[in-house]
Amino acid sequence: MNHVGDNTPLSALILGCENVYTVEELEQRLKGRRLRVKLGMDPTAPDLTLGHTVVLRKLRQFQDLGHLAVLIIGDYTARIGDPTGRSKARPILTREEIETNAETYLEQAGKVLDLSPDKLEVRRNSEWLTPMTFADVIQLMSQMTVARMLERDTFAKRQAQGKEIHLHELLYPLMQARDSVAVKADVELGGTDQTFNNLCGRDLQRNAGQPPQIVMTLPLLIGTDGRKKMSKSLGNYVAVTDPPGEMFGKIMRIADELMPAYFALLTDTPPSRIAQLTDPTQCHPREGKEQLAKTIVTQYHSAAEADAAAEEFLRVFSSRGGGLPDDIPDVEVPQDRVRDGKITPIDLITCCLGERSRTEARRLVAEQGVRLNGQLIDDPITPIEVKSGDVLQRGKRRFVRLVVS
């Protein structure tokens, strides 16, 4: 990567990027022109995580420098699902599931982006993908060879392992690339796992007679398990909509080794300060992690709520504290789900803990993440007795008090 002056917008924009294709092109296109900077997000799950915000923060940086953010809600591509990193095909979502997930995406993205109409253009890719005829699809496919598609690591690994690759999955990179042509993107942002898809956008733009977009990839955020990319499906995530206390607690539980990356990718903390907070000879890891958690909670909630979350965490979970948190919210158990004073745990979790799917509820039980009055719930199906005043607990940070009519 070429060296540029530390105080130029170019150096600021490429800071934190894993790769830029190419820096020279970006430097040229920045001269005297407002850029259209694209980011596509498929609504395959209802919540955005802190992992999504790594790229959103870079998009906000472009906005702050006067460029236009083009946020594409992949309501059409979500029907296939990005095969990136998948060892098997994704289950195909229904239109209703996609719409439900998409409803809150813009609101959640607004926790990072400037939603002013002059700074943000929001598009759905169904706008140009739905009208395509079969002949259009054939023409689209003619722009990519099978050999080139199989260069993609996801497909190459599956082929080497003798696993199936479905034809519709091969269409996904081309559909995402078609988005770039449709919105005439100057820049496309994505995680490093999106490199192949985004470079396909450059190819299709050249074929369409457009200047090829600059591709900027950013590091993937490792999840709270310390091993894999942050993902809702893996349960190793922090959602941008998590309540302050839950968000604070999840961050406090990450491994010390993750702190430098979390500071760098999720906050505006200067590098010199990050070095100090993550050096155990200068700062105790717990104190550094508390500063990290406070900073992130402040970004998505407020400083006052971050302080309150820190105090509550210390009281409930440190050796100096104990017992239940103050002000446990009351949640009414729906009468139509209760039979003879009993309810299935899966209904209890979805209705009272706010989980949006029964699959997620089953996962929480399987991972021993739910307790009723301190007792572990280990069977999602067998009805259990509930009464007003019972405390339902998810993990170590979330509590609700049940109200049974």
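For the structure, see preceding data.
Heads up: these notes are all about the structure in this document. (Residues numbered from 1 in each chain as written. Predicted model: local features only at pLDDT ≥ 70, side-chain atom pairs only at ≥ 80, totals over all residues. Heavy atoms only, no water.)

Attention now moves to the packing of aromatic side chains. Under the defined criterion, the tally for this structure stands at one aromatic pair. Over the ring of Y237 we find K250, and its NZ or CZ is 4.4 Å from the ring centre. (Phe/Tyr/Trp six-rings, centres within 6.5 Å; stacked < 30°, edge-to-face > 60°. Lys NZ or Arg CZ within 6 Å of the ring centre and 35° of its normal.)

This part is about the pairing of strand β3 (residues 68-73). Across a regular strand the side chains alternate sides, sitting on one face of the sheet and then on the other. Summarising burial for β3: six of the six residues are buried, a large majority. Of the two faces of β3, the one holding L68, V70 and I72 and the one holding A69, L71 and I73 are both buried throughout. Strand direction decides the pairing type here: strand β2 (residues 36-41) and β3, joined by six bridges, are parallel. In the sheet register, K38 faces β3, and the bridge partner there is V70. The handedness of the β2 to β3 crossover, carried by helix α3 (residues 50-64), is right-handed. Relative to strand β4 (residues 120-124), β3 is paired through five bridges, and the arrangement is parallel. Each bridged residue has a counterpart across the sheet, and for A69 the counterpart in β4 is L120. (Buried < 20%, exposed > 50% of the residue type's maximum accessible area, 1.4 Å probe, protein only. Helix = DSSP H or I, 4+ residues; strand = E, 2+ residues; numbered from the N terminus. Pairing = 2+ DSSP bridges. Right-handed = clockwise from strand over helix to strand, strands pointing away.)

In terms of nonpolar packing, the biggest core is built from 62 residues, with L26, L50, V187 and M216 touching the most fellow members. Ranked by the residues each element gives to this core, the list is headed by α3, at six residues. L50 has contacts with L221, M230, V238, V240, I251, L266, I296 and Y300, leaving out every residue within four places of it along the chain. With 19 residues, the next largest nonpolar core counts V333, L348, A361 and I377 among its residues. (Core = buried A, V, L, I, M, F, W, Y, C linked by side-chain atoms within 4.5 Å. Contact = heavy atoms within 4.5 Å.)

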